[in-house]
Structure formats: structure tokens, C-alpha cells
Amino acid sequence: MAKGIFPQMSIPDITAALAGWGLSVSQEQLLRPTSDFVEGVYHACLQQATDISQDSLRDPVQNALSASAIEEKDLYTTSLTQNLLVYHLARFAKAARVEDFNAKDLVSPERERTLILLSAFINFVKFTEQYCNVFVKDLRDRSEAVIVERVQISERLNELERDIGALKAKIAEDEPHCEQLRNENNALRAKMIATKEFQTAAVQEVEKLKAEKNALVKRKEALNVEIASVSDSINRTRSRIVQSPERIKRTITAMSSTATEDKKTVIMQENKARDLQTKINGLLNIEKDVRGCIEQLQTIEKEVRSLQVSQKELSDLRDHLDDKKIEGNELKLRQERVEKQLSNAHEKLERAQRHAEEKKQASQRTIDRLQQEYDQMAIERRDNEKQVEELRAEANEVEKKMAEQVKGGEAELNELLAEYWKLRHETDVYMETLANKLNMRVTSD
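These notes cover the structure that comes with them.

Reading the values: rules and limits
- Residues numbered from 1 in each chain as written.
- Predicted model: local features only at pLDDT ≥ 70, side-chain atom pairs only at ≥ 80, totals over all residues.
- Heavy atoms only, no water.
- Helix = DSSP H or I, 4+ residues; strand = E, 2+ residues; numbered from the N terminus.
- Buried < 20%, exposed > 50% of the residue type's maximum accessible area, 1.4 Å probe, protein only.
- Contact = heavy atoms within 4.5 Å.
- Phe/Tyr/Trp six-rings, centres within 6.5 Å; stacked < 30°, edge-to-face > 60°.
- Patch = residues over 30% accessible without salt bridge, like charges linked within 9 Å, V, L, I, M, F, W, Y side chains within 5 Å.
- Areas by Shrake-Rupley, 256 points an atom, 1.4 Å probe, with all protein chains shown as cover.
- Salt bridge = Lys/Arg side-chain N within 4 Å of Asp/Glu carboxyl O.

### A closer look at the side chain of Asp-105
Right, so step 1: Mapped onto the secondary structure, Asp-105 falls in helix α6 (residues 104-107).
Right, so step 2: For Asp-105, a relative accessible area of 6% puts it in the buried group.
Right, so step 3: Not counting chain neighbours up to four residues away, the residues in contact with Asp-105 comprise Val-38, Tyr-42, Asp-100, Arg-113 and Leu-117.

### Details of the packing of aromatic side chains
Right, so step 1: Counted under the stated rule, the structure contains 5 aromatic pairs.
Right, so step 2: With centroids separated by 6.0 Å and ring planes inclined at 70 degrees, the aromatic side chains of Tyr-42 and Phe-101 adopt a geometry described as edge-to-face. Of this pair, Tyr-42 sits in helix α3 (residues 35-50) while Phe-101 sits in the loop between α5 (74-95) and α6; the two residues are 59 residues apart in sequence, bridging distant segments of the chain. Comparing Tyr-42 with Phe-101 shows no difference in burial state: the two are buried.
Right, so step 3: Centre to centre, the rings of Tyr-42 and Phe-121 are 5.4 Å apart; their planes meet at 85 degrees, and the pair counts as edge-to-face. With Tyr-42 in helix α3 and Phe-121 in helix α7 (residues 111-131), this pair connects stretches of sequence that are 79 residues apart.
Right, so step 4: Clustering of aromatic rings is evident, with ring pairs tying together Tyr-42, Phe-92, Phe-101, Phe-121 and Phe-124.

### A look at unusual backbone geometry
Right, so step 1: With a phi close to 70 degrees, Arg-97 is a non-glycine residue in the positive phi region.
Right, so step 2: Here Arg-97 shows up in the loop between α5 and α6.

### As for the side chain of Gln-48
Right, so step 1: The residue Gln-48 is located in helix α3 in this model.
Right, so step 2: For Gln-48, the residues in contact, after removing those within four places along its chain, are Trp-21, Val-125, Glu-129, Lys-348 and Arg-351.

### Digging into a nonpolar patch on the surface
Right, so step 1: Where nonpolar side chains cluster on the molecular surface, the patch consists of Leu-413, Leu-416, Leu-417, Tyr-420 and Trp-421 and spans about 540 Å² of accessible area.
Right, so step 2: Position of Tyr-420 relative to the elements: it lies in helix α9 (residues 245-438).

### Digging into the pattern of salt bridges
Between side chains of opposite charge, pairing is possible as soon as their charged atoms come close.
Right, so step 1: The full count for this structure, using the stated rule, is 9 salt bridges.
Right, so step 2: Residues Glu-179 and Arg-182 are paired through a salt bridge, measuring 2.8 Å at the closest nitrogen-oxygen approach. Pair noted here: Glu-179 and Arg-182 are both in helix α8 (residues 133-240), with a separation of 3 residues, about one helical turn.
Right, so step 3: The exposure class assigned to Glu-179 is partly exposed, which follows from its relative accessible area of 36%.
Right, so step 4: Shared partners join several salt bridges into a network, and the residues in it are Asp-100, Asp-105 and Arg-113.

Structure (C-alpha cells):
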């Protein structure tokens, strides 16, 4: 045990300190401590410092036994409560600089050991009551700040819950539209894929037709060049040949048939070109439709991205709400702890005020009693002073009488002395005369 760290208290001091806490203890109980007595006293000291009472230990014990799979739980209630009390008392004793507190101090207490432990506990409790006022004030200020912060957080939490409720309602309201958009998106995606495949095939056919058209155009140009060259050669030939009606007819007939065939070929090529142009226009319209579909798909993708962003923000907001709920629960727990500490501090303050009021009343009663005694003593003093004055007057009168008597006595003494010396002188003279007559020798003393 750490001795010398705290002052050793006497039995009257321990009794007075425990009586100040409302605990009546006799000297016989301290000289012969029992386990029930020391348990009650130690529990009172523990409650003064930490506000841990038997009621506060009962709930954890019941919760622990309820959570366990032990049958006949009533058999373990007392022992578990005792173990919890020993644990808290050991922590309390360690804070009071007693390192070796154990269950023996409760079960089989010793007188010297009990007095040392009570001295340590009482000194520690008095120290906390004397020097913890600043901490209690700071705790109250922080408690008020925590209450204000809790109110603000509650308002913010309610606002967030309202926002989340509005978002949930909006999401629930937009969910059918989103489902419809998703279905339309899937249908448009399938249509776009099919259109893209058709567009690929159409583009390939258009490229093929363009190649055929170019070949036909080139052939047409070649035919025109050939026709022009044939016309030139015909003209030149006409200018050189001899006019022969039959031959000219045959030539004209051949050339007419050739021209007719060429015209038919040109007409066929123009019809084919018109068909190709029609197909090209159709493909252009299809391309415009595909472009419109692509734009719609891009718009849908933007909406999907915005929806995903909104869902992500909603999930973030839910996470933030969960964090705020956790913080709110922590703040509630902190507030409960602070309120409990504040209530304990209020109780301690009320006990201290009651104790101070009782001391003040006792002091006032003592002052009143002393004032009454002082007033009575003042009255007695005035009476004594009157008596002293009377006695002094009587003493003065007696002294005057004594002085007069002394003067009279001295005068009488002087007269007596004078008579004495006169008588002695006459006696001496008589003795001398008698001695002379009797012839006797007389010696004077």
C-alpha cells in the first residue's frame, strides 16, 4: 500500500466526514469492521466520487445474465454484483493511490487496513470536491454548447430527412417514366442496331450502284464520243462517197437501227440512274432518320448519365445521412453522458450547498448562542461594574475610615508612646532613687 501519499485520518475525523455525507458510523464499527459495514461505507465513498450506486450496477448485471446462456441465473447475481463492485472499488482505490485493493478488504476486513482505506477514499473525495469546481463549470459550459449543437444538428437532420423524403418521392414519381425511358431506350437501341445493319447493307449497295453509275456514265461519255466521231466520219464519208440512194438507204437504216439501240441503251441507263437516285434519296432519308435516332440515343444517354449522377448523389446523400445519424446517435450518447455528469454535478453541488447551509445554520446558531452569551456577559459585566463601583466606593470609604482610624491610632500611639516614655523615665528615676536609697546597683537594659 502506498503510505504517506495521503494523510492518515483519526477515527473521529472519519466519523465526522462520513456523517457529513449522511452516513452514521460509530467508533465501535470502525474498531471492529464487518464485511457488510465496509461494503456499505466503500459503496458510499464510491458513489460520492463516481455516482455509481447499487441501482446502476443492477442493470448491467441483469443485461449480462440475460445475454448469457446460463441456467439458474439467480445463483450468479450476487457474485457478479460483488465482482463488479470489487472492480469499481479497485479502480477507485487506484485513483486514491492504493494499488493493492482486493476482495479480501470486503470479505474479511481488518481494522488498520480499513482505516487506511477510508482515509484514502475520504481524502480523494474531499480533493475532488475541493478542486473540481472549475471542471464542473467547464463541463456545464460544454454541456450547454453540446445542447445547442445538438439542436442545430437535429434541425439539420430534419431538413436532410425532408430533402431525402422529397428526393425519394421524386424518384418514386419518376420511376415509371424512367422505366418507360429504359424500355424505349432498349427498343431504340435494338432498332438502331437493326437500322445500322440495314444502313451498312444500303451503303454497300449504294457504293455498288455508284460504281455502276460511274461505269455507265463513263460508257455514256465514251458512246457520245464515239457517236460524235462516227458522225464526223459519216460526214466526211458523205462528202467523199458518190451519192447512191440504195446504199445510203441501207446505211441510214443501219445507222437508224444503231441509233435506236443506242437511244434504248441511253434510256435504260437514265432509268437506272433515276432508280439509283431514288435509292440514294431513300438512303439519305434513312441516314437522316439514323442521325435523328443517334441524337435521341445521345439525349437518352445524357438523361441516363444524369439519372446515374442523381442516383450517385442520392447514395452519397444516404451515406451522408447515415453518417449524420451516427453522429447524431454519438451526440445523443454524449449528451446523455454530459447530462448525467451534469445531474451528478448538480447533486454534488446541492449536497455541498446543503452541507454549507447546514454549516452556515450551525455557525449562525453558534453565533446566536455566543451573541446571547455575550449579551448576558455584557449585562453581567455592567452589573459587575456597578458592583465594582459600589465596592470601590465602599473601599474608598473604608480607606478613608482606615486613614482616619490610622491617624487616630497613630495619635493615640504617639500619646501612648509619650506616656510610655514618660512613665519609663519616671520609673527609671524611681528605680535609681530607690537604688540609691537601698544602696543597690541598678543596670539599665
